[in-house]
Amino acid sequence: MKIISKVDLLKQAVREAREKQLSVGLVPTMGALHEGHKSLVERARRENDVVVVSVFLNPTQFNNADDLRTYPRTAEADAALLEACGVDIAFMPSVEDIYPEPDTRVFHLGPVAEVMEGAMRPGHFNGVCQIVSKLFMMVEPDRAYFGEKDFQQIAVIRAMIKQLGFNLEIVQCPCVREADGLAKSSRNVRLTPVVRRVAPAIYRTLKESLNFAADHTLQQTHDWVVATINAYPEMDVEYFSICDGTTLQPLENWEDSEYVVGCITVYCGDVREIDNITYKK
Ligand code: PAF
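The present account deals with the structure reproduced in this document. Just so it is clear, the model here is predicted, and its values are computed rather than measured. (Residues numbered from 1 in each chain as written. Predicted model: local features only at pLDDT ≥ 70, side-chain atom pairs only at ≥ 80, totals over all residues. Heavy atoms only, no water.)

## Here we look at the site of the ligand
So, point 1. The full set of residues close to the ligand is Pro-28, Thr-29, Met-30, Gln-61, Ile-131, Phe-146, Asp-150 and Gln-153.
So, point 2. Take Gln-61: an N or O atom from its side chain is 2.6 Å from an oxygen atom of the ligand.
So, point 3. Between an oxygen atom of the ligand and a side-chain N or O atom of Gln-153, the distance comes to 2.7 Å.
So, point 4. Computed on the free molecule, the ligand has an accessible area of 280 Å², of which 89% lies beneath the protein chains in the complex.
So, point 5. The residue inventory of the shell around the ligand, partitioned by class, reads 4 nonpolar, 3 polar and 1 charged. (Near = heavy atom within 4 Å. Polar contact = N/O pair within 3.5 Å; in protein donor to acceptor, adjacent residues only side chain to side chain. Areas by Shrake-Rupley, 256 points an atom, 1.4 Å probe, with all protein chains shown as cover. Nonpolar A, V, L, I, M, F, W, Y, C, P; charged D, E, K, R; others polar.)

Below is the structure:
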């Protein structure tokens with residue numbers, strides 16, 4: 001595995017692969033890699049001749065300085081995991097390598113980027129689009145891999161691709177969970193033992209809500225999920241939106257869409273956890 005930090009060396013390595021007519025898969029990450037990332041990398045490995053994984057803690061997508069400061073950094077372990085997965089290129093640049101000049105681009109991606117995380121974390125998706133579009137321009141991958149835990153992020157990246165005319169396939173990969181159902185996340189290491197014990201109630205409640213939804217209205221289901229999770233003193237639901245799975249706009253009735261998803265964000269102590277469930281597809 002090549003570890004590359006400079007953009008021109010990355011472009012050269014990818015150019016060499018292209019000259020040999022090899023397909024290229026990209027897995028963008030912010031490091032602190034876990035089983036969820038591993039499943040993306042393994043899928044990319046199966047589906048492409050050359051696999052590039054970027055490990056870059058992108059400052060422009062953090063709207064909260066403390067979140068950036070406390071985000072786990074595990075570069076050595078990340079490189080070892082990627083090597084063991086048979087990755088060809090680990091791209092591990094510095095902030096100066098990626099942003100020699102401040103990135104002043106502003107993305108207007110419409111309603112899909114304005115609800116939920118877009119509303120709660122101003123600037124977050126703009127930062128995601130800045131880094132992901134840069135990576136797409138540098139690597140020009142045939143396929144890029146993203147986890148469904150960040151459900152809205154995938155929808156926003158699809159909108160960006162459409163707007164900028166990138167020609168690549170977005171591969172949407174299932175969320176990987178701990179044995180007790182908690183979605184794997186780099187931030188899970190920050191949960192205190194007490195909070196870690198109750199956090200699986202998020203997904204458990206979402207799953208139970210599938211049954212609840214069978215004989216309750218959308219609003220009743222929404223309220224039941226929020227009340228059930230908020231009954232744990234350690235947890236506080238920031239939002240739960242039952243929305244159209246493509247536009248991400250909130251729905252009023254189950255019949256209003258053929259594709260219905262519930263997206264939730266919960267403060268578990270001071271750690272923000274996100275998750276989602278599909279009601280209808
Ligand atoms: O999902 C993430 O880890 C990040 O938002 C991404 C896509 C790697 C961009 O920094």
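## Quick word on helix H1 (residues 7–19)
So, point 1. In a regular helix each residue adds 1.5 Å, so 13 residues correspond to 18 Å; H1 covers 18 Å between its end C-alpha atoms and thus fits that length.
So, point 2. Listed in full, the buried residues belonging to H1 are Val-7, Leu-10, Ala-13, Val-14 and Ala-17. Viewed along the axis of H1, the buried residues span an arc of 130°, placing them on a single side of the element. Residues of H1 that are exposed and angled more than 90 degrees away from the buried face: Asp-8 and Glu-19.
So, point 3. The inward-facing, buried residues of H1 abut strand E1 (2–4), strand E2 (24–29), strand E3 (50–55), strand E4 (89–91), helix H5 (95–98) and helix H7 (124–139).
So, point 4. Two residues or fewer after H1 comes Gln-21, characterised by a positive phi angle close to 60°. (Helix = DSSP H or I, 4+ residues; strand = E, 2+ residues; numbered from the N terminus. Expected span 1.5 Å × (residues − 1). Buried < 20%, exposed > 50% of the residue type's maximum accessible area, 1.4 Å probe, protein only. Arc of directions from axis to C-beta. Contact = heavy atoms within 4.5 Å.)

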